[in-house]
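Topology and contacts: notes
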Amino acid sequence: MDELREALSNFAFDGELISVKEFGSGHINKTYIAKYKDGEKEQKYVVQKVNNGVFKDVDKLMKNVFDVTSYLRKVIREEGGDENRETLHYIKTLDGDKYYRCSDGSFYRAYVFVKDSVSFDFAENADMFKSSGIAFGRFQRRLGDFDADSLHETIENFHNTKWRYENEFLPALTLDVKDRASGCKDVVDFIIERSDKMGILVDLIEENKLPLRVTHNDTKLNNVMFDEQTLECVCVIDLDTVMPGLALYDFGDAIRFGANTAADDEKDLSAVGINLEYFKAFAEGFLSECGDTLNQCEKDHLAFSAWLLTLELSMRFLTDYLNGDVYFKTNYLEHNLVRARNQMALALSMEEHMSEMEEIVKSI
Ligand code: ADP
Ligand code: GN1
Ligand code: MG
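This write-up is about the structure you can find in this document.

What counts, and at which threshold
Residues numbered from 1 in each chain as written. Chains lettered and ligands numbered in written order. Predicted model: local features only at pLDDT ≥ 70, side-chain atom pairs only at ≥ 80, totals over all residues. Heavy atoms only, no water. Near = heavy atom within 4 Å. Polar contact = N/O pair within 3.5 Å; in protein donor to acceptor, adjacent residues only side chain to side chain. Areas by Shrake-Rupley, 256 points an atom, 1.4 Å probe, with all protein chains shown as cover. 1 Å grid on protein atoms, 1.4 Å probe; cavity = no way out; pocket = protein on both sides within 12 Å on 5 of 7 lines; lining within 4 Å. Sits in = over half its atoms within 2 Å of the grid points. Helix = DSSP H or I, 4+ residues; strand = E, 2+ residues; numbered from the N terminus. Nonpolar A, V, L, I, M, F, W, Y, C, P; charged D, E, K, R; others polar. Points joined across faces, edges and corners; volume = space filled by probe spheres on them. Axes fitted to C-alpha atoms, helices over the stretch in contact; angles between N-to-C directions. Parallel < 35°, antiparallel > 145°, perpendicular 65-115°, else oblique. Left-handed = near helix turned anticlockwise from the far one by under 90°. Contact = heavy atoms within 4.5 Å. Core = buried A, V, L, I, M, F, W, Y, C linked by side-chain atoms within 4.5 Å. Buried < 20%, exposed > 50% of the residue type's maximum accessible area, 1.4 Å probe, protein only.

A short note on the site of ligand 1
Around ligand 1, a shell composed of 20 residues is seen, among which Gln48, Val114, Ser119, Asn222 and Asn223 lie nearest. At 2.6 Å, a side-chain N or O of serine 119 approaches an oxygen atom of ligand 1. One of the side-chain nitrogen or oxygen atoms of asparagine 223 is found 2.9 Å away from an oxygen atom of ligand 1. Here ligand 1 has 550 Å² of accessible area as a free molecule, and 97% of this is covered by the chains. With respect to the pocket detection grid, ligand 1 is positioned in the largest pocket. Listed by contribution, the elements that provide at least two residues to the shell around ligand 1 are strand E3 (41-50) and strand E6 (107-112). Among the residues forming the shell around ligand 1, the class breakdown is 10 nonpolar, 9 polar and 1 charged.

Written out as structure tokens, the structure reads:
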């Protein structure tokens, strides 16, 4: 808490601090809401301790987010939108820096709480999920002319499923440092049996059939803020993984999180499956904003990308379980294994419904 107080006192906030509490359900950073009072005016700020184990170069990370948000502000202004609400608004430190380094070595950053907004861990209906598709499709469209080469790759090979299999999953399985592999043979076999399909998208990049674009890469529903009253999407947040990537990564990752009939850590696997109504709704929203820019190869792999990203997450959760839960925040001992099995069940459901998913994409 001392480091948090130290960080708070080093940002250029207006007014007096009245409360601060932990917030949100992200798996990576530690997020707080700090309320300040300036005369009659109350202002909420989001303050985050950046996970330096995951993001090794905070300087380059914060340069990315400042560059991307200032570019977005310009585009939003030109489109006649509200630049203060439709993208993140970062607050600099009293010294004018993009983040603060505490005396204990931890890194903090701060931004304005998006006014009158709320985020969701579960889409309440298809319209809400469609709206998140609009948000991510719009995000991609608005960054269409952003210079991708100027972005630092915050996590290398982030969605290179094949690379993760060979360089993270297989070594974790071989080392088995916590002696956990024997208890999760079902998921291990499921992943190994599908390893020959993991290189399909990266091979298409090599063959110049899939273009690299500036993508978000972490398109969970709770990375979109919605208007409290209208429940329309307002703003895409969590910009740490904005990097050159594929439109398909953003599409697929959003589906695997939001079009699951259950939460992504539901233990009852009979409740887990692909919600085709939500799949269609998201695809409609996403493509209404960026569909015109996608080539045929991208369109042909939309349904596949949902399956691949689900397989990838099953593998990432299982890798972390085998490594002793060092990456994702967990709430109990087998949390990562539960998540890995959940994503396995979802991928299996997608395999069963793949032709329907493909038909839905074609119909849009
Ligand atoms: P993580 O990387 O850990 O997922 P996020 O940046 O996604 O961290 O933030 C965690 C949660 O905090 C979000 O899901 C959202 O509910 C809330 N949040 C983050 N930024 C804002 C913001 N600018 N305004 C309002 N809420 C926010
Ligand atoms: C992490 O930070 P958060 O909770 O939005 C992870 C994503 C995973 C997701 C799984 C930087 O996202 O890649 O898809 O958990 N982010 C990072 O829930 O690894
Ligand atoms: Mg997040």
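Description of empty space enclosed by the protein
For the coordinates displayed, the defined rule picks out 1 cavity of 30 Å³ or more. One number sums up the size of the largest cavity: a volume of about 30 Å³. Among the residues forming the lining of the largest cavity, the class breakdown is 4 nonpolar, 1 polar and 3 charged.

Some thoughts on the packing of helix H8 (residues 276-290) against helix H11 (residues 335-363)
Running from N to C, H8 and H11 point in directions that differ by 30 degrees, and their axes come no closer than 10 Å. With respect to each other, H8 and H11 are oriented roughly parallel. Note that H8 runs across H11; the crossing there is right-handed. Residues Leu276, Phe279 and Lys280 of H8 form the contact with H11, whose participating residues are His353, Glu356, Met357, Ile360, Val361 and Ser363.

Some words on the nonpolar core
In terms of nonpolar packing, the biggest core is built from 112 residues, with Ile191, Leu201, Ile255, Phe279 and Leu318 touching the most fellow members. In terms of residue count, helix H10 (residues 302-323) provides more of this core than any other element does, 14 residues in total. For leucine 318, the residues in contact, after removing those within four places along its chain, are Phe169, Cys184, Val187, Val188, Ile191, Leu337 and Ala340. Grouped together as the second largest cluster of nonpolar side chains are 16 residues, Leu4, Leu8, Ala34 and Tyr36 included.

Some details on the site of ligand 2
Around ligand 2, the surrounding shell holds 19 residues, and the nearest of these are His27, Asp218, Lys220, Arg316 and Tyr327. Aspartate 238 places a polar side-chain atom, nitrogen or oxygen, 3.0 Å from an oxygen atom of ligand 2. For ligand 2, an oxygen atom lies 3.1 Å from a polar atom in the side chain of arginine 256. Protein contact buries 98% of the 440 Å² of open area that ligand 2 shows by itself. Among the cavities detected, the one that contains ligand 2 is the largest pocket. Elements with a contribution of two residues or more to the shell around ligand 2: helix H7 (247-258) and H10.

Keep in mind these numbers describe shape, not what the thing actually does.
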